[in-house]
Amino acid sequence: MTVNPIIGKKEWVEKPDYYDYYQEIARSSYMLICFMMRNDSVIACEVFHPVASCAKDVIKQNGFEDKIKVVLKHSTELTVGPDGDLKEKANILVAEVFDTELIGEGALRTFQHAVKFLLEPDCIVIPSAASVYAQIIESSLISSWNTLSPVHVAPGKIIVPPKKVTSCHGSAAVHDVQMSQIPQDKFTALTDPICVFKFSFTGEKSIEMNETFIKQVTAINSDKAQWRDHWMQAIYYLPDVVNVSAGDKITLTAYHDEYSLWFAIPKASNKKNN
Ligand SMILES: C[S@@+](CC[C@H](N)C(=O)[O-])C[C@H]1O[C@@H](n2cnc3c(N)ncnc32)[C@H](O)[C@@H]1O
């Protein structure tokens, strides 16, 4: 999947016939996707054909063919019953269906459906919960990646984009980046990391597909940053430029739907803390 900047939507990118999926899969260790176990039986579920066939190969090479069945389906299409994909409901679910945004691969629906239709009550769900943290930062470098600047085409000749274009919010698409690769003096953290969403996957609490979180936070200069590995941090460009000084109260609004997150700081929301 990639973001098409022209239409502002995520779309699949077709690879040429000679593209070596197997190598890519092996390199990125895409193998264990969604395991459900009952007694001695294990069902591995994968919707993407090259990954499923790689998983089958790896399972065969390790001698687990009789124990692990790979089903090439989206988990929400799995059937349960004597002729189904699962003979009976499973009692353990292990799933790694997360992207940088956590929910971009449809994890919310995947767990919601699994708990309702594929799992016994009181089953073990791994992972059982996840939290999303946000931190407000200021950076003219990062901001320039999302804004059109005047272009110097020849000495004395500059193309200045119209204001309508420079003030365009652009798409709300996430920009994944490893913050450790951005020089520390190129951005300033204006708040500590704030927990904006907590998801429970066990079925004890219902999973909301749409939520809004509003929190007033005080602007500070912070040197704390969330440590991340494997998955990258994600930059979300705010729709409006907001001027903030240390001590200001800022209202951070975080939203999520089934697949994505987005953030805003209403312009009028920041005021001096007296
Ligand atoms: C995040 S990747 C797994 C990455 C791997 N565990 C690793 O660490 O490199 C998630 C995989 O699960 C598959 N997937 C996601 N949701 C699924 C679902 N509901 N049913 C079946 N497969 C799913 C995707 O096609 C993808 O191959």
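Residues numbered from 1 in each chain as written. Predicted model: local features only at pLDDT ≥ 70, side-chain atom pairs only at ≥ 80, totals over all residues.

On to the overall build of the chain. When helices and strands are tallied, the chain shows five helices and 19 strands. Classification of the 274 residues of the chain by burial places 17% in the buried group. (Helix = DSSP H or I, 4+ residues; strand = E, 2+ residues; numbered from the N terminus. Buried ≥ 20, exposed ≤ 12 C-beta atoms within 10 Å, placed from the backbone.)

The next thing to look at is the environment of Lys69. In this fold, Lys69 is placed in strand 5 (residues 68-72). Sequence separation between Lys69 and Ser41 is 28 residues, and the spatial gap between their C-alpha atoms is 8.1 Å.

Taking 1.5 Å of rise per residue, 13 residues should cover 18 Å, and helix 2 (residues 49-61) covers 18 Å from first to last C-alpha, within 8% of that figure. Listed as buried for helix 2 are Val51, Ala52, Cys54 and Ala55. Buried residues of helix 2, seen end-on, are gathered within an arc of 160 degrees and therefore sit on one face of the element. Of the exposed residues in helix 2, the ones pointing more than 90 degrees away from its buried face are His49, Lys60 and Gln61. (Expected span 1.5 Å × (residues − 1). Arc of directions from axis to C-beta.)

The biggest cluster of nonpolar side chains holds 25 residues, and the ones touching the most others in it are Ala55, Ala107, Phe111, Ala114, Leu118 and Leu119. Elements with a minimum of two residues in this core: strand 4 (41-46), helix 2, strand 6 (90-95) and helix 3 (107-118). Broken down by element, the residue count for this core peaks at six residues, all from helix 3. Excluding residues that lie within four positions of it along the chain, Ala107 makes contacts with Val97, Phe98 and Leu102. Counting eight residues, the second largest nonpolar core, distinct from the first, contains Ala134, Ile136, Leu190 and Val196. (Core = buried A, V, L, I, M, F, W, Y, C linked by C-beta atoms within 7 Å. Contact = placed C-beta atoms within 7 Å.)

Turning our attention to unusual backbone geometry. With an omega of 0 degrees, the peptide bond between Ile126 and Pro127 qualifies as cis. Here the phi dihedral of Leu102 falls at roughly 75 degrees; this positive angle occurs in a residue that is not glycine. When you line up the elements, Leu102 lands in the loop between strand 6 and helix 3. Of note in this structure, Asp122 is not a glycine but carries a positive phi near 60 degrees. By secondary structure assignment, the location of Asp122 is in strand 7 (residues 119-126).

On average, residues of the chain score 82 in pLDDT, and 81% of them are at 70 or above. Counted against residues more than four places away or in other chains, residues 22-33, with its pLDDT under 50, gives 17 contacts. (pLDDT = per-residue confidence, 0-100.)

On to the pairing of strand 10 (residues 151-154). Two elements, strand 10 and strand 11 (residues 157-159), share three bridges in a ladder whose sense is antiparallel. The partner of His152 across the bridge, within strand 11, is Ile158. Joining the antiparallel neighbours strand 10 and strand 11 is a turn of two residues, in which Gly156 adopts a positive phi near 80 degrees. (Pairing = 2+ DSSP bridges.)

Once that is clear, we can look at the environment of Val217. Within the fold, Val217 resides in strand 15 (residues 211-218). Separated by 26 residues in sequence, Val217 and Thr191 place their C-alpha atoms 7.4 Å apart. Among residues more than four places away in sequence, those in contact with Val217 are Thr191, Ile194, Ile250 and Leu252.

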